[in-house]
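# Results of the structural survey
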Amino acid sequence: MINIKSKEEIEIMAEGGRKISKIKDELKKLMIPGAIPADIDKRAEELILEAGGQPSFKMVPKYRWATCININDGVVHGVPTKLPFKNGDIVKLDIGIFYKGFHNDTAFSVGIGEISRKDQDFLETGQQALKNSINQAISGNRVAHISRVLEETLTKKGYAPVRDLTGHGVGKNLHEDPQIPCYWVGDEKRSPVIPEGATLAIEVIYAQGSPELVLSGDDGWTIKTQDGKIAALFEETIAITDGEPLVLSSPGFKLYD
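For the structure given in this document, a descriptive report is provided here. (Residues numbered from 1 in each chain as written. Predicted model: local features only at pLDDT ≥ 70, side-chain atom pairs only at ≥ 80, totals over all residues. Heavy atoms only, no water.)

### A short note on the layout of surface pockets
Here the largest pocket is characterised by a volume of approximately 340 Å³. Of all the secondary structure elements, the ones that give two or more residues to the lining of the largest pocket are β7 (166-169) and β9 (199-207). Looking at the lining of the largest pocket, its residues break down into nine nonpolar, four polar and four charged. (1 Å grid on protein atoms, 1.4 Å probe; cavity = no way out; pocket = protein on both sides within 12 Å on 5 of 7 lines; lining within 4 Å. Points joined across faces, edges and corners; volume = space filled by probe spheres on them. Helix = DSSP H or I, 4+ residues; strand = E, 2+ residues; numbered from the N terminus. Nonpolar A, V, L, I, M, F, W, Y, C, P; charged D, E, K, R; others polar.)

Rendered as structure tokens:
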């Protein structure tokens, strides 16, 4: 069942979203060749606490970090290490804030230093897929409408949506119903209707090669592509207000070109 939020609750989430958006902007400035993921994670936690929130991810049992940071073939849940970024790396940073009883969950991918035109196109396609899918998040549509457009945007450019991980509802809990697949699952009539007041974390999780994944044996958390090819991740927390999507975790997000 999709948890409906009141206007007052959505305003609290919007306040938390404004805070995590500013934090993301600060962290992006740190993502340069030679930067240490563990240092960025430490700074992320400092910024969240200074903003009056708590790191959402440290509320996950046994996870001790404020962020998940994945490099190249890393997809999600990457533990921040002391291995520095290299020029040309594709880095994903996933972060959440728990503020006044509600979570915002958001993620971005960036190229470190100079990256190839191919990798730039890869990242731009993911950003466009996120925009296109958020535009489907209107009251009365179904979750499957989000998933279908997300998949179409990616596959049109030859990229593979990951099938084993999904977006999700978000609010008082970091993960709530519904699941939001990155691919069209078929019969739209069996997919949940998106109601007014829903708050969703829409995720674009995709790869340059096969969508098959493997759990890293190094830390027990990091999920990588099975074929070792590059993956990327984009995510925003949104709310359905006045029938339309409002991006909470990036207030300046442009839904239309």
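### Examining the pairing of strand β5 (residues 102-111)
Most of β5 is tucked away, with nine of its 10 residues classed as buried. Inspection of the sheet shows strand β4 (residues 90-99) paired to β5 by 10 bridges, in the antiparallel sense. For F98, the partnering residue across the bridge sits in β5 and is H103. Turn length for the β4-β5 hairpin, with the two strands adjacent in sequence and antiparallel, is two residues, and the turn residue K100 shows positive phi of about 50 degrees. (Buried < 20%, exposed > 50% of the residue type's maximum accessible area, 1.4 Å probe, protein only. Pairing = 2+ DSSP bridges.)

### A word on the packing of helix α3 (residues 117-134) against helix α4 (residues 143-156)
With their axes 8 Å apart at the nearest point, α3 and α4 run at an angle of 155 degrees to one another. In terms of orientation, α3 and α4 fall into the roughly antiparallel class. Here the hand of the crossing between α3 and α4 comes out right-handed. Contact residues: T125, G126, Q128, A129, N132 and S133 in α3; I146, V149, L150, T153 and L154 in α4. Taken together, the residues of the contact of α3 with α4 sort by class into five nonpolar, six polar and no charged. (Axes fitted to C-alpha atoms, helices over the stretch in contact; angles between N-to-C directions. Parallel < 35°, antiparallel > 145°, perpendicular 65-115°, else oblique. Left-handed = near helix turned anticlockwise from the far one by under 90°. Contact = heavy atoms within 4.5 Å.)

### Here's the deal with the packing of aromatic side chains
Applying the stated criterion to the full structure yields five aromatic pairs. Ring plane angle 80 degrees and centroid distance 5.0 Å describe the contact between Y63 and W221, whose orientation is recorded as edge-to-face. Placement of Y63 in the loop between β1 (54-55) and β2 (67-71) and of W221 in the loop between β10 (213-215) and β11 (223-225) is noted, with a sequence separation of 158 residues between them. A centroid spacing of 4.9 Å and a plane angle of 75 degrees characterise the contact between F122 and Y159, whose relative ring orientation is edge-to-face. Of this pair, F122 sits in helix α3 while Y159 sits in the loop between α4 and β6 (160-161), placing them 37 residues apart in sequence. Across the pair, Y159 and F122 agree in class, each one buried. An aromatic cluster of at least three residues, connected via ring pairs, comprises Y63, W65 and W221. When the ring centre of W184 is taken as reference, the NZ or CZ atom of R148 above it lies at 4.1 Å. (Phe/Tyr/Trp six-rings, centres within 6.5 Å; stacked < 30°, edge-to-face > 60°. Lys NZ or Arg CZ within 6 Å of the ring centre and 35° of its normal.)

### Brief notes about helix α2 (residues 37-50)
When the terminal C-alpha atoms of α2 are compared, their 20 Å separation across 14 residues agrees well with the 20 Å that a helix rising 1.5 Å per residue should span. For α2, the elements touching its buried residues are α1 (7-30), β1, β2 and β4. A positive phi of about 90 degrees marks G52, the residue just after α2. (Expected span 1.5 Å × (residues − 1).)

### Description of the nonpolar core
Grouped together as the largest cluster of nonpolar side chains are 39 residues, with contacts concentrated most on L165, I202, V204, I205, Y206 and I238. The set of elements that each furnish at least two residues to this core consists of β3 (74-76), α3, α4, β9 and β12 (231-241). In this view, L165 contacts V75, V76, C182, I205, L213 and I223; residues no more than four positions away in its chain are not counted. One finds I23, A35, I48 and I97 within the second-largest nonpolar core, a separate group that totals 20 residues. (Core = buried A, V, L, I, M, F, W, Y, C linked by side-chain atoms within 4.5 Å.)

### Focus on unusual backbone geometry
Excluding glycine, most residues fall at negative phi; most peptide bonds, likewise, are trans. For the bond from D177 to P178, the omega torsion is 5 degrees, close enough to zero to count as cis. With respect to the helices and strands, the residue P178 is situated in strand β8 (residues 176-181). Positive phi, close to 55 degrees, is recorded for N72, a residue that is not glycine. Within the element layout of this structure, N72 appears in the loop between β2 and β3. Taking relative accessible area as the criterion, N72 reaches 21% and is therefore assigned partly exposed. One non-glycine residue, D242, adopts positive backbone phi at about 55 degrees.

### Brief notes about the packing of α1 against α2
Contact pair α1 / α2: the axes reach a minimum separation of 10 Å and the direction vectors enclose 155 degrees. Classified by the angle between their axes, α1 and α2 sit roughly antiparallel to one another. Between α1 and α2 lies a crossing whose hand is right-handed. Here I20, I23, E26, L27 and L30 of α1 lie close against α2, whose contacting residues are I40, R43, A44, L47 and I48.

### Description of the environment of I138
Along the polypeptide, I138 turns up in the loop between α3 and α4. Take I138: its relative accessible area is 30%, and that puts it in the partly exposed class. Placed 54 residues apart in sequence, I138 and P192 show a C-alpha to C-alpha distance of 12 Å. Discounting residues that sit within four places of it in the chain, I138 has contacts with I194, I240, G243, E244 and P245.

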